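# Per-entry structural report
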Amino acid sequence: MTDDARSLLVAVAATAITALLLGWFLRSYLSERSLRRLQSFFGLPENSECLLVVSRDTGTDGAIARNDVLALLELSAVIRNCRANTQLISGDSAQQGFGERTEFCVGGPVSNRRMAAHLHGLLPGVAVDTDAEPGPDRDAFVIGGERYRLESGSVEYVLLARLTAGQEGRPVFLACGQRPIAAQAATRYLARHHTRLARKHGTRGTFCLLLKVVNSQAYGPDVVELVKDVTRSATSSHPKLTTSKDL
């Protein structure tokens, strides 16, 4: 092998090694940046702790409803990807403020007292018909003067919200569904679309989305439609709730 050929071989090898190193550094940089954005959106720095607040199913001696368990699994994967830790508590036993730790609150205002408190304090523009008597307005949402009725197994609505308390407050995520399967659908939507949500609303932004779960009796929580962004209406003054009995 001539000196020129040897020099060319060394140059080619050096170029290849440099390219491999640059590719590795680039992948590491992009992976780290993606992780930081994920952690920022969910308010979960590495090794931080968050709260998972769930309902208790009164029909099963206070156990967590099956769909709420599945919702927790959706959230647990996100939390694990953020390299954070969790604390699971019941909505009836949670007696603490918000903003110090990221919180994921799942369930409706009847089965989850903490959800009811969050709706009252953070989303005053949302009214939920919690009347125990059967009727077409039972569990209906009223937002901005619009009423969204539950059609069990066919059309079920759920609010997915990211709310913050103060400039440095950690976010509170709400998945308030008319049925547990709707709350599961909202957590799945959050897990799948967090990148797009962060791009649209910012990693520290507040939003409240109304989602519709379509034909859950056939498709489960998989077919979800975004009805509208109701942030402005939901965070305004509380609406007057009227039921079919008042009409």
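Being a predicted model, the structure only gives us computed values, none of them experimental. Each chain carries its own residue numbering, running from 1 in the written order of its sequence. In keeping with the predicted nature of the model, local features appear solely for residues at pLDDT of at least 70, side-chain atom pairs appear and are counted solely at 80 or more, and the whole-chain, interface and lining totals rest on all residues. To get the side-chain values, all heavy atoms of the structure are used, and hydrogens and water are removed first.

## Focus on the confidence of the model for the chain
Detailed reading of the predicted model is not advised wherever pLDDT is low. The predictor attaches a confidence to each residue, and that confidence, scored 0 to 100, is pLDDT. Per-residue pLDDT for the chain has a mean of 82; in total, 77% of the residues score no lower than 70. pLDDT under 50 marks residues 242-247. Its contacts with residues more than four places away, or in other chains, come to nine contacts. By definition, residues are in contact when any of their heavy atoms lie within 4.5 Å.

## Comments concerning the packing of aromatic side chains
Think of it this way: a Phe, Tyr or Trp ring, Trp meaning its six-membered ring, pairs with another when their centres are within 6.5 Å, and the plane angle makes it stacked under 30 degrees, edge-to-face over 60, tilted otherwise. All told, the structure shown has seven aromatic pairs when counted by the stated rule. When the ring of Phe41 is compared with that of Phe42, the centres are 5.0 Å apart and the planes differ by 85°; the resulting orientation is edge-to-face. An identical accessibility class is assigned to Phe41 and Phe42; each is buried. In textbook terms, an aromatic cluster arises when at least three aromatic residues are bridged by ring pairs, as seen for Phe41, Phe42, Phe104, Phe173 and Phe207. Only Lys NZ and Arg CZ are tested; either one counts as a charge over a ring when it is within 6 Å of the ring centre and within 35 degrees of the ring normal. Residue placement shows Arg162 over the ring face of Phe41; its charged tip is 5.3 Å from the ring centre. Relative accessibility under 20% of the residue-type maximum defines a buried residue, over 50% an exposed one, and the middle range a partly exposed one, all with a 1.4 Å probe and only protein chains included.

## Focus on the sheet that holds strand β4 (residues 126-128)
Two orientations exist for strands paired in a sheet by backbone hydrogen bonds: parallel and antiparallel. Taken together, the three strands give an open sheet; going across it, the order is β4-β5-β6, and neighbouring strands pair in antiparallel fashion. Unpaired on one side and paired on the other, β4 and β6 (146-148) mark the two borders of the sheet. Pairwise comparison of adjacent strand axes, ignoring direction, gives a mean angle of 20° for this sheet. Across three bridges, β4 lies against strand β5 (residues 141-143) in antiparallel orientation. Bridging from a neighbouring strand, Val128 pairs with Phe141 of β5. The rule for pairing is simple: two strands pair if DSSP sees at least two bridges between them. Under the DSSP-based scheme used, a helix requires at least four consecutive residues in state H or I and a strand at least two consecutive residues in state E, with every element numbered from the N terminus. Only C-alpha atoms enter the line fits that serve as axes; for helices the fit covers just the stretch in contact. Angles between N-to-C directions range over 0 to 180 degrees.

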